[in-house]
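Fold and contact review
Below are the chains, spelled out letter by letter.
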Amino acid sequence: MKAVCLLLCAMSVSLALCACDNSDELKKVSTEVLKAFEQRYPNAMNVDWDKEGKYYVAEFRAPYSQPGAPVSGVPTQTFEMEAWFDSLANWRMTVIDANYTLLPPEVTNGFTASKYGSWRVDDVAIVELNGKDPVYILEVEHKGAERALYFNARGEITKDKNGLPDSYKDLL
């Protein structure tokens, strides 16, 4: 019994040490990056930081509405997002885990008119890029096949990928 207790204590301590070492390394976000994030997303909730290559990535929830959409009296819905910053605190992109209703009509019309128009939409991401037009990614499924369709703002498919997106980093 004593051996079991000692083993459990040792496992708990090593688990705690491993968790601290890993999270400390990931959480080293500069004050400049934190300020840039807070300025851009003052209403962010449940923020968690990660490192993706040379980028700092904040995962969070925040209100979102499509740019240019009319403002109504209805409270804005919150969505899961990822904001990417470089080491100089420059915002590079934001990925919004959105729903189909947030897509501009050009994109929904482009999808409907495409050869995938009858496929089921599983997931939608809106990717806002610094200095570039947004990219709209629809993950679609039909009879067990999955595709990731990348649309521009005109509703044209710019990339048709078998399977699901690996990372958004390739959009930078």
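Above this text you will find the structure in question.
Calculation notes
Residues numbered from 1 in each chain as written. Predicted model: local features only at pLDDT ≥ 70, side-chain atom pairs only at ≥ 80, totals over all residues. Heavy atoms only, no water. Phe/Tyr/Trp six-rings, centres within 6.5 Å; stacked < 30°, edge-to-face > 60°. Helix = DSSP H or I, 4+ residues; strand = E, 2+ residues; numbered from the N terminus. Buried < 20%, exposed > 50% of the residue type's maximum accessible area, 1.4 Å probe, protein only. Lys NZ or Arg CZ within 6 Å of the ring centre and 35° of its normal. Pairing = 2+ DSSP bridges.

Some points on the packing of aromatic side chains
- Here the structure, examined in full by the defined rule, presents nine aromatic pairs.
- Measuring from centroid to centroid gives 6.3 Å for tyrosine 100 and phenylalanine 111, while their planes differ by 75 degrees, and the two rings are edge-to-face. With tyrosine 100 in the loop between β4 (91-98) and α3 (105-113) and phenylalanine 111 in helix α3, the pair connects residues that are eleven residues apart, well separated along the chain.
- What makes tyrosine 100 partly exposed here is its relative accessible area of 31%.
- Between arginine 40 and the ring centre of tryptophan 91, over which it is positioned, the NZ or CZ distance is 3.5 Å.
- For lysine 51, the ring lying beneath its charged end belongs to tyrosine 56, and the centroid distance is 4.9 Å.

With respect to the pairing of strand β7 (residues 145-151)
- Along β7, five of the seven residues are buried, which leaves the element largely enclosed by surrounding structure.
- Linking strand β6 (residues 135-142) to β7, which pair antiparallel, is a turn of two residues; within it lysine 143 sits at a positive phi near 50 degrees.
- As defined by bridge partners, β7 adjoins strand β8 (residues 157-162) across five bridges and the pair is classed as antiparallel. Bridging from a neighbouring strand, phenylalanine 151 pairs with isoleucine 157 of β8.
- The antiparallel pairing of β7 with β8 creates a hairpin that spans five residues between the two strands, and glycine 155 there sits at a positive phi of about 85 degrees.

Observations concerning unusual backbone geometry
- A positive phi angle, close to 70 degrees, is found at alanine 89, a residue other than glycine.
- With respect to the secondary-structure elements, alanine 89 resides in the loop between β3 (78-85) and β4.
- For alanine 89, a relative accessible area of 16% corresponds to the buried category.
- Despite not being glycine, lysine 143 has its phi angle at roughly 50 degrees, a positive value.
- For lysine 143, the position within the fold is in the loop between β6 and β7.

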